[in-house]
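Here's the letter readout for the chains.
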2 protein chains.
Amino acid sequence: MHLFYQPDSKIFELDEEEARHSSKVLRLGSGDIIYVTNGKGTLQKCVLNVQGRKAGYEVLESQQIERRPFAVNMVIAPTRKAERNEWMVEKMTEIGVERIDFVITEHTNTDTINRVVNLTRLNRIAAAAMKQSQQHYLPIITVGNKYEAFVKDVKDSVKLIAYVPDHNRVEHVFSKVKKGQGTTLLIGPEGDFSEKEVSLALDHGFSTVSLGPTRLRTETAAVAGCHAINLAQNIL
Amino acid sequence: MHLFYQPDSKIFELDEEEARHSSKVLRLGSGDIIYVTNGKGTLQKCVLNVQGRKAGYEVLESQQIERRPFAVNMVIAPTRKAERNEWMVEKMTEIGVERIDFVITEHTNTDTINRVVNLTRLNRIAAAAMKQSQQHYLPIITVGNKYEAFVKDVKDSVKLIAYVPDHNRVEHVFSKVKKGQGTTLLIGPEGDFSEKEVSLALDHGFSTVSLGPTRLRTETAAVAGCHAINLAQNIL
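Read on for a plain summary of the structure. All figures in this text were calculated on a predicted structure; none of them were measured in a lab. (Residues numbered from 1 in each chain as written. Chains lettered and ligands numbered in written order. Predicted model: local features only at pLDDT ≥ 70, side-chain atom pairs only at ≥ 80, totals over all residues. Heavy atoms only, no water.)

## Observations concerning the overall build of chain A
Inference 1: Helices and strands together make up the secondary structure of chain A, namely eight helices and ten strands.
Inference 2: Residues counted as buried form 55% of the 236 residues belonging to chain A.
Inference 3: A total accessible area of about 11200 Å² is found for chain A, and carbon and sulfur atoms account for 48% of it. (Helix = DSSP H or I, 4+ residues; strand = E, 2+ residues; numbered from the N terminus. Buried < 20%, exposed > 50% of the residue type's maximum accessible area, 1.4 Å probe, protein only. Areas by Shrake-Rupley, 256 points an atom, 1.4 Å probe, with all protein chains shown as cover.)

Take a look at the structure:
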């Protein structure tokens, strides 16, 4: 099944890059069947109509895919390396995530933030991962919200913060997930959250959770946390 | 805790790269306390003795850390991109893995195998990830074994193959793990295992397992599978 992404349901044409991919890599031409999603749950079965470099299509069938009953919302302090933030987005999208918010914490280096989390690139990577993993909802990605304001504003979900106080044992995120309910998980930066940031989260109804016995890099923690939540929702 | 890696327990000196790191990045000097592991479970508390570029050390205490009671053995058909194989190794090491075997399957491109899975680089990445995640065992990594021979030879562990036959529902790897027992999980290449390869595994006592509802890239499947096994062992 050849799945393409066209966010605008009124444009019946693949963008330049996907048009090239469809002809050069997939060797598709006029008359071939493709599937197009708008990243908002619409899945259309279409027939290609290639004219020169333009890959237009006609919609044969259209259906609306339901959202998952539970939302996975990841709130992450970006790492200092662009490629690590980018693969986080790719992997969480493949595994399943509704929202990714890269927020600014006390230990976040704000000088480089626009370079290391480039929203245009991140959205392109998420779209590619959505198609590759045959999903029909593009995660919503935001960059640059302040941690404090953000944490105070989280509603309607199980609120968790990945943080293990010294010498304390806390429950694994997997055990805290509530079947069928949304989950919001906060992932700290290199250098971790400040104590002030942790108390703020606790004051606003977040519970501390562990991501397992080994110390994980920020991007690994994000992917492992996202995967644990998906596992709990899909298996329990 | 500053953890370093010196595989040879008879050499009481950090290698060049770690010596540079200890002085230039960590700003450590003579008299400072460091910890050294040999990647085989030995953890030594040492005092640094810097002479020029050489970072020697004297062992104050030495202890042997026990292996985990369960081994996680990942058998993977490498992807065509070196960086994806490398991050698989980094992430699985952070999360917890005893063995990573990159094997050659029917759909593996053998022309590029030595370039895309460079054992020297992979071992260096695993060592860095072991230190970063504060572990004391370096995973054993092999490259280039033939899938058939390998699969016939797997012993003493729960044998699983990540493969979902069309229109069939199979159990998630998480549900198949046996607490405290070793697990061997086979992960297929882009283009998946051939039917012949799947039957061979089944003939040798492997069970098919799912890695969840979304379609994952090889490297994502490996990390998700490794994480699911660790979760099952640590939480159940």
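Resuming the write-up.
## Remarks on the sheet that holds strand S6 (residues 99-104) of chain B
Residue and element names in this part refer to chain B.
Inference 1: One open sheet holds the six strands; their spatial order is S7-S6-S5-S9-S8-S10, and the pairing between them is parallel. On the outer flanks of this sheet lie strand S7 (140-146) and strand S10 (207-209), each paired with one strand and no other. Each strand axis lies, on average, 25 degrees off the axis of its neighbour in the sheet, ignoring direction.
Inference 2: Here strand S8 (residues 158-162) pairs with S10 via three bridges, running parallel. Bridge pairing in S10 places alanine 162 opposite valine 209.
Inference 3: In the packing of helix H2 (residues 82-95) onto the sheet, the strands contacted are strand S5 (72-76), S6 and S7, and the crossing angle to S6 comes to about 155 degrees. (Pairing = 2+ DSSP bridges. Axes fitted to C-alpha atoms, helices over the stretch in contact; angles between N-to-C directions. Contact = heavy atoms within 4.5 Å.)

## Things to note about the interface of chain B and chain A
Inference 1: Every contact between the two is made by 27 residues of chain B and, on the other side, 27 residues of chain A.
Inference 2: When the buried area of chain B at its contact with chain A is split by residue, Gln132, Arg215 and Arg217 of chain B rank highest and sum to 23% of it.
Inference 3: Viewed at the interface, chain A and chain B are joined by eight salt bridges.
Inference 4: At the junction of chain B with chain A, the criterion picks out 18 residue pairs in polar contact (both at pLDDT 80 or more). (Buried area = accessible area lost by both parts, 1.4 Å probe. Salt bridge = Lys/Arg side-chain N within 4 Å of Asp/Glu carboxyl O. Polar contact = N/O pair within 3.5 Å; in protein donor to acceptor, adjacent residues only side chain to side chain.)

## Comments concerning the sheet that holds strand S4 (residues 54-64) of chain A
In sheet architecture, strand pairing relies on hydrogen bonds along the backbone and comes in two forms, parallel and antiparallel.
All names here are of chain A.
Inference 1: In spatial order, the strands read S1-S2-S3-S4; together these four strands make up an open sheet with mixed pairing. In the strand order of this sheet, the two ends are held by strand S1 (3-5) and S4, each with one partner. Taken pair by pair, the neighbouring strands of this sheet meet at an average axis angle of 40 degrees, ignoring direction.
Inference 2: Judged from the five bridges that link them, strand S2 (residues 33-37) and strand S3 (residues 42-51) form a sheet pairing that is antiparallel. Bridge assignment links threonine 37 to a residue of S3, and that residue is leucine 43.

## Thoughts on the relation of the copies chain B and chain A
Inference 1: Superposing chain B onto chain A takes a rotation of 180 degrees plus a shift of 0.0 Å along the axis, which leaves an RMSD of 0.0 Å. What we have between these two chains is a two-fold relation. (Least-squares fit on C-alpha atoms with pLDDT ≥ 70 in both.)

## As for the pattern of salt bridges
Inference 1: Under the criterion given, the structure shown has 32 salt bridges over all chains.
Inference 2: In this structure, the salt-bridge partner of lysine 176 of chain A is glutamate 171 of chain A, at a minimum N-O distance of 3.8 Å.
Inference 3: Look at lysine 176 of chain A and you get partly exposed, because its relative accessible area is 24%.
Inference 4: For glutamate 171 of chain A, a relative accessible area of 42% translates into the label partly exposed.
Inference 5: Salt-bridge contacts for arginine 80 of chain B lead to glutamate 190 of chain B; the nearest nitrogen and oxygen are separated by 2.8 Å. In this pair, arginine 80 of chain B is assigned in the loop between S5 and H2 and glutamate 190 of chain B in the loop between strand S9 (183-187) and helix H7 (195-203), connecting sequence segments 110 residues apart.
Inference 6: You can call glutamate 190 of chain B partly exposed: its relative accessible area is 32%.
Inference 7: Taken together, the shared-partner salt bridges connect Arg84, Arg217 and Glu219 of chain A together with Glu90, Lys91 and Glu94 of chain B into one network.

## Some points on the pairing of S9 of chain B
Residue and element names in this part refer to chain B.
Inference 1: Within S9, five of the five residues are buried, which leaves it mostly tucked inside the rest of the structure.
Inference 2: Side chains Thr183, Leu185 and Ile187 of S9 all project onto a buried face; the interleaved residues Thr184 and Leu186 project onto the opposite face, where all are buried too.
Inference 3: Taken together, the four bridges between S8 and S9 define a ladder with parallel strand orientation. Looking at S9, one finds that valine 158 is bridged to threonine 183.

## Examining the state of the cysteines
Inference 1: A complete count under the given rule lists zero disulfides over all chains for this structure.
Inference 2: Cysteine cysteine 226 of chain A shares no disulfide, and the gap to the nearest cysteine sulfur, in cysteine 226 of chain B, comes to 16 Å. (Disulfide = S-S within 2.5 Å.)

## Focus on the packing of helix H2 (residues 82-95) of chain A against helix H8 (residues 218-235) of chain A
Residues and elements named next belong to chain A.
Inference 1: H8 packs onto H2 with a crossing angle of 10 degrees between their chain directions and a minimal axis gap of 9 Å. It follows from the interaxial angle that H2 and H8 lie roughly parallel. In this structure, H2 uses Arg84, Trp87, Met88, Lys91, Met92 and Ile95 to contact H8, whose residues at the interface are Thr218, Glu219, Ala222, Val223, Cys226, His227 and Asn230.
Inference 2: Grouping the constituent residues of the contact of H2 with H8 by class yields seven nonpolar, three polar and three charged. (Parallel < 35°, antiparallel > 145°, perpendicular 65-115°, else oblique. Nonpolar A, V, L, I, M, F, W, Y, C, P; charged D, E, K, R; others polar.)

## Overview of the environment of threonine 214 of chain A
Inference 1: Along the chain, threonine 214 of chain A turns up in the loop between strand S10 (207-209) and H8.
Inference 2: Sequence-wise, threonine 214 of chain A and threonine 37 of chain A are 177 residues apart; in three dimensions their C-alpha atoms are separated by 39 Å.
Inference 3: Aside from chain neighbours lying at most four places away, what touches threonine 214 of chain A is Glu94, Ile95, Ser133 and Gln135 of chain B.
Inference 4: Among the polar contacts listed, one links the side chain of threonine 214 of chain A to the backbone oxygen of glutamate 94 of chain B, at a separation of 2.6 Å.

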